[in-house]
Amino acid sequence: MLVTETLLPAPRPADAPPQRRGGVLAVGLVLGGALSVQFGSALAALLFPRTGVAGAVTLRLTISAVLLLVVCRPRLRGYDRSAWLAAGAFGLALAGMNSLFYQAIERIPLGPTVTLEVLGPLALSVFTARRLASWCWAGLALAGVALLGQGGFDRLNPAGVAFAFGAGAMWAAYIVLSARVGGRFPGADGLALALTLAALVTLPLGIVDGGAVLLDPQVLALGTALAVLASGLPYTLELLALRRMPTATFAVLMSLGPAIATLAGWLVLRQALTLLECAAIVLVIAASIGAVRVRAAAAAPPARQ
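These notes cover the structure that comes with them.

**Some details on the nonpolar core**
Counting residues in each nonpolar core, the largest one holds 69 residues, and the members touching the most others are Phe48, Phe90, Leu94, Tyr102, Leu110 and Leu116. Per element, the largest residue contribution to this core is 14 residues, and it comes from helix H1 (residues 20-72). Apart from residues lying up to four places away in sequence, Phe48 is in contact with Val53, Ala56, Tyr102, Ile105 and Glu106. Ala26, Leu29, Met245 and Leu253 belong to the second largest nonpolar core, which has nine residues in total.

**Structural notes on the environment of Gly111**
Relative to the assigned elements, Gly111 resides in helix H3 (residues 110-117). The class for Gly111 is buried, based on a relative accessible area of 2%. Spatially, the C-alpha atom of Gly111 lies 7.6 Å from that of Leu263, the residues being 152 residues apart in sequence. When sequence neighbours within four positions are dropped, the list of residues in contact with Gly111 reads Pro258, Ala261, Thr262 and Ile281.

**Considerations on the packing of aromatic side chains**
For any two aromatic rings, the description comes down to two numbers: the centre-to-centre distance and the angle of the planes. The full count for this structure, using the stated rule, is six aromatic pairs. Plain terms: the ring middles of Tyr79 and Phe185 are 4.3 Å apart, the flat faces sit at 45° to each other, and that makes the pair tilted. Here Phe185 lies in the loop between helix H7 (158-184) and helix H8 (189-210) and Tyr79 lies in the loop between H1 and helix H2 (81-107), a separation of 106 residues in the sequence. The class for Tyr79 is buried, based on a relative accessible area of 13%. For Phe185, a relative accessible area of 3% puts it in the buried group. An aromatic cluster is built from Phe48, Phe101 and Tyr102, whose rings are joined through pairwise contacts.

**Considerations on the side chain of Ser64**
Here Ser64 lies in helix H1. For Ser64, a relative accessible area of 6% translates into the label buried. Within the structure, the side chain of Ser64 is placed 2.7 Å from the backbone oxygen of Arg60, a separation counted as a polar contact. With near-sequence residues (within four places) excluded, Ser64 lies in contact with Leu195, Ala227 and Ser231.

**A few points about helix H11 (residues 257-269)**
Across its 13 residues, H11 extends 17 Å between first and last C-alpha, which sits within 8% of the 18 Å expected from 1.5 Å per residue. Among all positions of H11, only Gly257, Pro258, Ile260, Ala261, Thr262, Ala264 and Gly265 are buried. Looking at the residues trailing H11, positive phi occurs at Arg270, about 60°.

Calculation criteria
- Residues numbered from 1 in each chain as written.
- Predicted model: local features only at pLDDT ≥ 70, side-chain atom pairs only at ≥ 80, totals over all residues.
- Heavy atoms only, no water.
- Core = buried A, V, L, I, M, F, W, Y, C linked by side-chain atoms within 4.5 Å.
- Buried < 20%, exposed > 50% of the residue type's maximum accessible area, 1.4 Å probe, protein only.
- Helix = DSSP H or I, 4+ residues; strand = E, 2+ residues; numbered from the N terminus.
- Contact = heavy atoms within 4.5 Å.
- Phe/Tyr/Trp six-rings, centres within 6.5 Å; stacked < 30°, edge-to-face > 60°.
- Polar contact = N/O pair within 3.5 Å; in protein donor to acceptor, adjacent residues only side chain to side chain.
- Expected span 1.5 Å × (residues − 1).

Right, here's the structure in full:
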């Protein structure tokens, strides 16, 4: 979730020779990053009984921000008002996205949460592609959501569903704002500053929710593991992968997030899903992959005659 569009390198030329070993390594890096994110989310759910949801959010964002500030050491001078406004909005989107997502996974299983959350970026992709095929894939995604509801959204907890949708909307905002921040700040400086603001915004609620428990050495160790698993490690792996594969291929692999989240929820949190819910998740994944491919085709330059 932390990769911004502006950090993506230009795709390799179409006539570049295939690099099989590099391609296999890149796929492994992407899947490793996705596993890290989703198992990190499962770890966060295990922290909730001790820190509360807001406390876990604060731990993740604060430790992630400190680590990124140490690594990036962003400069604070030389930026105009629009740059700071973009970074501020980006930080608020990060705070909202993480807070709503963690509120959701406290109430509903991890797999359905990520499935509903991914509808935010999917909707953004459909609207920006402006193609009939994109709307067809959107229809398939809605069919998946309807199928997910056949098991009963009351079983999933209506508040959890609403939080997951809200997290998806914040994820879409994050994608849009990341492009603006990346164009105004060098490297990951904008992300470091936005994470710092997100940590400060969530800190008061986190302290109220977690209290002195947040300073417990064991909790701090778990919080550090959460920050590394959910932010630091996947961010690094995704950047390494993007140097070895086209961005469209990367986006297709990232669409597997709901399936990986379902696996993490089952293995770590013992969250079993019905066959109907699994089928719904598969439909949303297929819709995400289809929408990504349509957008990539729309962005590709016309073939030379």
